[in-house]
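# Observations on the model geometry
These are the residues of each chain, in order.
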Amino acid sequence: MILLDLVRTHAAAVLGYGDAEAVDAHLAFRELGFDSLTAVEVRNRLNKATGLRLPATLVFDHPTSAVLAQYLRGELLQDDADGVDSTLAELDRLEAGLGTIAPDDGDRMRITMRLEALMAKWKGTDAEAPADGEKVSSQLESASADELFDFIDKEFGVS
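This is a predicted model, so every value here is computed, not measured. (Residues numbered from 1 in each chain as written. Predicted model: local features only at pLDDT ≥ 70, side-chain atom pairs only at ≥ 80, totals over all residues. Heavy atoms only, no water.)

Our next topic: the packing of helix 1 (residues 2-15) against helix 3 (residues 36-50). Their axes nearest at 10 Å, the elements helix 1 and helix 3 cross at an angle of 135°. Considering the angle they form, helix 1 stands oblique to helix 3. Classified by chirality, the crossing of helix 3 by helix 1 is right-handed. Together, Leu-6, Val-7, His-10, Ala-11, Ala-13 and Val-14 of helix 1 and Thr-38, Glu-41, Val-42, Arg-45, Leu-46, Ala-49 and Thr-50 of helix 3 make up the contact between the two elements. A class-by-class count of the residues in the contact of helix 1 with helix 3 yields eight nonpolar, three polar and two charged. (Axes fitted to C-alpha atoms, helices over the stretch in contact; angles between N-to-C directions. Helix = DSSP H or I, 4+ residues; strand = E, 2+ residues; numbered from the N terminus. Parallel < 35°, antiparallel > 145°, perpendicular 65-115°, else oblique. Left-handed = near helix turned anticlockwise from the far one by under 90°. Contact = heavy atoms within 4.5 Å. Nonpolar A, V, L, I, M, F, W, Y, C, P; charged D, E, K, R; others polar.)

Printed below as a string of structure tokens:
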């Protein structure tokens, strides 16, 4: 909570808001009006406040105040020997990033297939390699409606 307040306070100051309450913890920095100049300014403020050496892309790599605060927590604590906290922080960052992808974006299917392959690997089951996923994606882009329905039926065990 302290780190979240710190991030929101500095974000509000850079954006010219009266207080941290004006910065929604779950709203993307881009949606709040951040650009590369304001992102660097927040990074510089957080460098001073935390004593960390943070990357210039900090705000874009960690797109919300909540995700950024979690990242800072991991950087400050550095006692996550087994990697669970940092992995969870990365998953939070990934989730926030996925929220910015348009539902009709052609790359959405490729990302979904990569995530499914990652989950299958995590669970210890066989999965298509990302290259196979890209092949399927390109095949689906040029498929007819009947071919798409056949693919869906096979994927969900309907046929």
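Moving on, we get to the pattern of salt bridges. Counted under the stated rule, the structure contains three salt bridges. The residue Glu-21 makes a salt bridge to Arg-8 at a minimum N-O spacing of 3.8 Å. Residue Glu-21 is located in the loop between helix 1 and helix 2 (29-32), and its partner Arg-8 is located in helix 1; the two are separated by 13 residues in the primary sequence. You can call Glu-21 exposed: its relative accessible area is 61%. The exposure class of Arg-8 is buried, given its relative accessible area of 11%. (Salt bridge = Lys/Arg side-chain N within 4 Å of Asp/Glu carboxyl O. Buried < 20%, exposed > 50% of the residue type's maximum accessible area, 1.4 Å probe, protein only.)

What follows deals with the environment of Ile-101. If you trace the backbone, Ile-101 turns up in the loop between helix 6 (84-98) and helix 7 (107-123). Residue classification places Ile-101 among the partly exposed residues on the basis of a relative accessible area of 22%. The contact partners of Ile-101, leaving out residues within four places of it in the chain, are Arg-108 and Ile-111.

Time to look at the packing of aromatic side chains. In the structure shown here, the tally under the stated rule is one aromatic pair. Relative to Phe-34, the ring of Phe-29 has its centre 5.1 Å away and its plane inclined at 75°; by these criteria the two rings are edge-to-face. Grouping residues by exposure puts Phe-29 and Phe-34 together as buried. (Phe/Tyr/Trp six-rings, centres within 6.5 Å; stacked < 30°, edge-to-face > 60°.)

Within the largest apolar cluster, 22 residues are counted, with the highest numbers of intra-cluster contacts made by Val-7, Phe-29, Phe-34, Leu-46, Leu-54, Leu-68 and Leu-72. Secondary-structure elements contributing two or more residues to this core are helix 1, helix 2, helix 3, helix 4 (58-61) and helix 5 (65-77). Here the element with the most residues in this core is helix 1; it accounts for six residues. If we ignore the near neighbours within four places in the chain, the residues touching Leu-68 are Val-7, Phe-29, Leu-46, Leu-58 and His-62. (Core = buried A, V, L, I, M, F, W, Y, C linked by side-chain atoms within 4.5 Å.)

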